[in-house]
Every structure is written in C-alpha cells, then in structure tokens.
Amino acid sequence: MVSAKRRATTLRDATREAAKEVLEANLELVRRGLVLYTFENVNGISRSDGLVAIKPSCVPYESMKAGDIVITDLTGHIVEGSLRPSSDLATHLELYKAFPSIGGVSHTHSEFATSWAQARKPIPCFGTTHADYFHGAVPVTDAMSSEAIASDYEKNTGSAIIRTFDDLDYEKVPGVLVANHGPFTCGCGRSCTQRGNSGTRSACCLPYDCN
Ligand SMILES: [Zn+2]
C-alpha cells in the first residue's frame, strides 16, 4: 500500500512536471506571435490526479517561471501556488468536465481569428492546414445574452462553447470562436506537452487560415 507521504511526494513531482509543461506551452504562444500583453493562456489537466495547471493572471511572460503556474482542482480550488489563476479558469473547467478526452485548452486573441469571432462568423475552410485540423469550418458560438455576460461571464462562456458542440464531434473539431470574443482550442494528445502544444498549434493555424 502506498503511504500518504509517498503519495504526496508523487503528486508534488507530477504537479511540478505539469507546471513546466504548461509554462513551455505558454511560451510557445509568445514565440508564435499570438500574445497581446498577458491576456492569452494555455493550461493542462492531469485526469488521473484531477488537477489543472494554469497560467497565473497578469504575470508577464518574459518573467514567468514554472513556480508561478497555479495548480487547482476541478472546482477551481487552488491546490498549489500563491498567485491568482487566469480569469479564464472557469471557462476551461467547464470544458474539461464536458469533454472527457481533452487534456489542454488554449485561448488567444490572435487578430485574424478574433476578427471573425467579433463578426460572429464561422471561418470557412479555405486551406489544407485548416482542413487537416478542423475537417470543415471553424464554428462560432451563439452570442451570449446580457444576463449571461453580466452574471458569470467565464463560466457561461464555457456553456456557450459546450452548446456549440451539441452537433459537432469535439475530437474532430479542436476549436471554436466565442462570439464577440476570440478563439478557444483544445488538444487530445497523450502527454501534457503534446496536449498543450496541440491546442496551441490549432490556435496558430487560425490566423493564417483566415488570411
Ligand atoms: Zn479572452
């Protein structure tokens, strides 16, 4: 039987590893030119531990360290870390609960994709990279009501995304435009890094696909 101390050590090792992978996935957003100030983020989930590693709020990417990455449970309760998690956490938690095979979520405000989101139009499939990733148009959510925006915007953003996938396979369509906001993408790879990067790469495709 595994002792509580051994379990705690294993969990600490796992969260440290997840934090490093999530930091690297966030820095990849910077390298891809998808970051404006500190508004974007990538996070990852360990399904076996029920823990999410997410970027802290308002910390510049150039000084961000693995120790700054916040670890929460699936209710958003902070398990490890002293900083405030990104305000997008509530959206991402909804997605993790609704889509059981996703391992990472990425959110950016890349200019081209955000233009389509603000216009509330799906992005038609014009190119092969787009087709490889999305197998069709990049969908757009319904516009949220004033009540949904005013009451619990981030959580209701998650609900709007989930409703969009009522008629779509989330494993084949790895992202969506949130109407009047921007793109959110998900990844289903095996390791946390692959999952985070998969989501990131999908986000990277979006601006070029709507060029
Ligand atoms: Zn945003």
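Caption draft 1: Spatial organisation of the nonpolar core. One finds Val52, Leu95, Phe99, Ile102, Ile161, Phe165 and Leu177 to be the most contacted residues of the largest nonpolar core, which totals 27 residues. Among the elements of the structure, strand S2 (51-54), helix H2 (89-98), helix H3 (111-119), strand S6 (175-177) and strand S7 (183-187) are those that each provide at least two residues to this core. The biggest single contributor to this core is H2, with 4 residues. Residues contacting Leu177, with those up to four places away along its chain left out, are Ala113, Trp116, Ala117, Lys121, Ile123, Val138, Pro139, Val140, Thr141, Gly182 and Pro183.

Caption draft 2: Structural detail: the layout of surface pockets. The space that makes up the largest pocket amounts to roughly 170 Å³. Thr38, Phe39, Ser86, Ser87 and Asp88 are, among the 14 residues lining the largest pocket, the residues nearest its centre. For the lining of the largest pocket, the per-class residue count stands at 3 nonpolar, 8 polar and 3 charged.

Caption draft 3: Region of interest: the environment of Ala203. Tracing the backbone shows Ala203 in helix H6 (residues 192-209). When the C-alpha positions of Ala203 and His109 are compared, they lie 9.3 Å apart, and in sequence the two are 94 residues distant. Beyond its immediate stretch of four places on either side in the chain, Ala203 contacts Leu34, Ser106, Thr108, Ser110 and Thr185.

Cut-offs and rules
Within every chain, residues take consecutive numbers counted from 1 along the sequence as written. Per-residue local features are limited, in this predicted model, to residues with pLDDT of at least 70; the limit for side-chain atom pairs, both in listing and counting, is 80 or more; totals at the level of whole chains, interfaces and linings are taken over all residues. Values reported for side chains reflect all heavy atoms of the structure, with hydrogen atoms and water molecules removed beforehand. Grouping buried Ala, Val, Leu, Ile, Met, Phe, Trp, Tyr and Cys residues that are joined through side-chain atoms within 4.5 Å yields what is termed a nonpolar core. Note on exposure labels: buried denotes an accessible area under 20% of the residue type's maximum, exposed denotes more than 50%, and partly exposed covers the range between, all computed with a 1.4 Å probe on protein chains only. Strands are runs of DSSP state E lasting at least two residues, helices are runs of H or I lasting at least four, and both sets are numbered from the N terminus onward. Note on contacts: a residue pair is in contact if any heavy atoms of the two residues lie within 4.5 Å. Within this scheme a cavity is a closed region of a 1 Å grid, computed over the protein atoms alone, that accommodates a 1.4 Å probe without allowing it to escape, whereas a pocket is open but has protein on both sides within 12 Å along at least five of seven lines; lining residues each have an atom within 4 Å of a point. Grid points are joined across faces, edges and corners, and a volume is the space filled by probe spheres set on the points. Gly falls in the polar group here, along with every residue not listed as nonpolar (Ala, Val, Leu, Ile, Met, Phe, Trp, Tyr, Cys, Pro) or charged (Asp, Glu, Lys, Arg).

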